[in-house]
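# Notes for the structure review
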Amino acid sequence: VIIYGDLPKNKENVIYLSNHQCTVDWIIADMLAIRQNALGHVRYVLKDGLKWLPLYGWYFSQHGGVYVKRSAKFNEKEMREKLRSQMKAETPMYLVIFPEGTRYNPEIPKVIADSQSFAEKEGLAILKHVLTPRVKATHVAIDTMKDYLDAVYDVTVAYEGTVDHKGQRKLAPSMTEFLCKECPRVHIFIDRIELKDIPEEQMYMRRWLHERFEIKDKLLIEFYDAKDSKRRNKFPGKSVHSKLSLKKTLPSLLFLGGLTASMLLTESGRKLYVKTWIYGTLIGCLWVSIKP
């Protein structure tokens, strides 16, 4: 894990804005949060369909996650109420938002072309390595929690090994590929932004957000397309190879591994494990359909 930019050592209440390429992006936020002793504070703004994930759909909701629908179906009131309830409970906030709304996938050029066409139609800069961001969720989150937040983290992520022999960008690694070390390094650029530097009105925030994604695009062009090969596969500026000590990861591994193993090694434990997935999923789906 190679980190660039400004990542504070102390935990903060933040909104985390990032480009989105694959499922690994979800745990990049965890990687940064654990370095600030804020791992349990990570919460997500998720597309509505994910609430039907077995067990996890219910878990994300109970852990402060916010499910949103796209475009005209976006429910601003519902999102504000969920965030206000979190603030009222004084819930620590490391709220992750992917403003592109979907993943950047070079194998689906139509999505990229449609995004670029929309930007051109709206008079916005056309972006190459990210999609045109959507402002609704970001605006609602910042506007609702502006007195609760310490900052906004603007995060740009790039994975090594995602360019083919022709210099064309490939699909970002899946979770399995990432965990099997098919991606040797992940590069993370963090820009900490004060709330006072962000426009409050949605129209102006939209322009601000697009400008932030223009900056991301320039960073990624440098990473993937730099003419000087020595400048590729890294972001400009100083970087730190960030390692974690065993004391930050081993206790969780032992606890979760031991708990799971103890269940799977006995017949009664295996039955409980299966019933938890089946009945927990059914109850969880019912719960999130009644109380998002």
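Residues numbered from 1 in each chain as written. Predicted model: local features only at pLDDT ≥ 70, side-chain atom pairs only at ≥ 80, totals over all residues. Heavy atoms only, no water.

## Points about the overall build of the chain
Along the chain, the regular secondary structure elements total nine helices and eight strands. Relative to its length of 292 residues, the chain is compact, with a C-alpha radius of gyration of 20 Å against a globular reference of 19 Å. For the chain, the spread of C-alpha atoms along the three principal axes comes to 60 × 45 × 40 Å. Taking all 292 residues of the chain together, 44% fall into the buried category. When the accessible surface of the chain is summed, it comes to about 16,500 Å², and 57% of that surface belongs to carbon and sulfur atoms. (Helix = DSSP H or I, 4+ residues; strand = E, 2+ residues; numbered from the N terminus. Rg over C-alpha atoms; globule rule 2.2 N^0.38 Å. Buried < 20%, exposed > 50% of the residue type's maximum accessible area, 1.4 Å probe, protein only. Areas by Shrake-Rupley, 256 points an atom, 1.4 Å probe, with all protein chains shown as cover.)

## Topic: the packing of aromatic side chains
A complete count under the given rule lists 14 aromatic pairs for this structure. Summarising the aromatic geometry, the rings of Tyr 4 and Phe 235 are spaced 5.3 Å apart at their centres and angled 75 degrees between planes, so their arrangement reads as edge-to-face. Separated by 231 residues along the polypeptide, Tyr 4 in strand E1 (residues 2-5) and Phe 235 in the loop between helix H7 (202-225) and strand E8 (239-241) bring together distant segments of the chain. Note on accessibility: Tyr 4 and Phe 235 belong to one class, buried. With a centroid separation of 6.4 Å and 40 degrees between ring planes, the pair formed by Tyr 56 and Phe 60 is classed as tilted. Note that Tyr 56 and Phe 60 are positioned in helix H2 (residues 56-62) at a spacing of four residues, about one turn of the helix. Under the relative-accessibility criterion, Phe 60 is labelled buried at 12%. (Phe/Tyr/Trp six-rings, centres within 6.5 Å; stacked < 30°, edge-to-face > 60°.)

## A word on the domain arrangement of the chain
Segmenting the chain into domains produces domain 1 (2-243) and domain 2 (245-291). Just the C-alpha atoms count here: the centres of domain 1 and domain 2 sit 28 Å apart. Facing 13 residues of domain 1, the contacting portion of domain 2 comprises twelve residues. A buried area of about 1,000 Å², summed over both sides, lies between domain 1 and domain 2, and 69% of it is on carbon and sulfur atoms. The interface formed by domain 1 and domain 2 holds zero salt bridges in total. Inspection of the region where domain 1 meets domain 2 yields two residue pairs in polar contact (both at pLDDT 80 or more). Ranked by the residues each element gives to the side of domain 1 that touches domain 2, the list is headed by H2, at five residues. (Domains from an automatic or database assignment. Contact = heavy atoms within 4.5 Å. Buried area = accessible area lost by both parts, 1.4 Å probe. Salt bridge = Lys/Arg side-chain N within 4 Å of Asp/Glu carboxyl O. Polar contact = N/O pair within 3.5 Å; in protein donor to acceptor, adjacent residues only side chain to side chain.)

## With respect to the confidence of the model for the chain
Detail in the predicted coordinates should be disregarded across regions flagged by low pLDDT. Within the chain, residue pLDDT values average 92, and 99% of them lie at 70 or more. When pLDDT is averaged over each element of the chain, strand E2 (residues 14-18) comes out on top at 98 and helix H6 (residues 175-179) at the bottom at 88. (pLDDT = per-residue confidence, 0-100.)

## Brief notes about the pairing of strand E5 (residues 94-97)
Here E5 shows two buried faces, one formed by Tyr 94 and Val 96 and the other by Leu 95 and Ile 97. Pairing between E2 and E5: four bridges, direction parallel. Paired with Leu 17 across the two strands is Ile 97, which belongs to E5. As paired elements, strand E3 (residues 42-47) and E5 share three bridges and run parallel to each other. Considered in E5, the bridge of Arg 43 is made with Leu 95. (Pairing = 2+ DSSP bridges.)

## Overview of unusual backbone geometry
Residues other than glycine seldom take positive phi values, yet Asn 37 does so here, at roughly 55 degrees. Take Asn 37: it is sitting in the loop between helix H1 (24-34) and E3. Of note in the backbone geometry, Glu 90 takes a positive phi value of approximately 55 degrees without being a glycine. Tracing the backbone through its elements, the reader meets Glu 90 in the loop between helix H3 (76-88) and E5.

## Some words on the nonpolar core
Counting residues in hydrophobic clusters, the biggest one holds 39 residues, and the most contacted among them are Ile 15, Met 79, Leu 95 and Met 145. Sorting elements by how many residues they give to this core places H7 first, with eight residues. When residues no more than four places from it in sequence are discounted, the contact partners of Met 145 are Ile 15, Leu 83, Met 87, Met 93 and Leu 95. With 32 residues, the next largest nonpolar core counts Ala 29, Ala 151, Cys 183 and Ile 188 among its residues. (Core = buried A, V, L, I, M, F, W, Y, C linked by side-chain atoms within 4.5 Å.)

## A few points about helix H9 (residues 267-290)
Helix length check: H9, at 24 residues, gives a terminal C-alpha distance of 34 Å against a target of 34 Å (1.5 Å per residue), a fit within 8%. Listed as buried for H9 are Gly 269, Thr 281, Gly 284, Cys 285 and Val 288. Against the buried residues of H9 lie H2 and helix H8 (246-264). (Expected span 1.5 Å × (residues − 1).)

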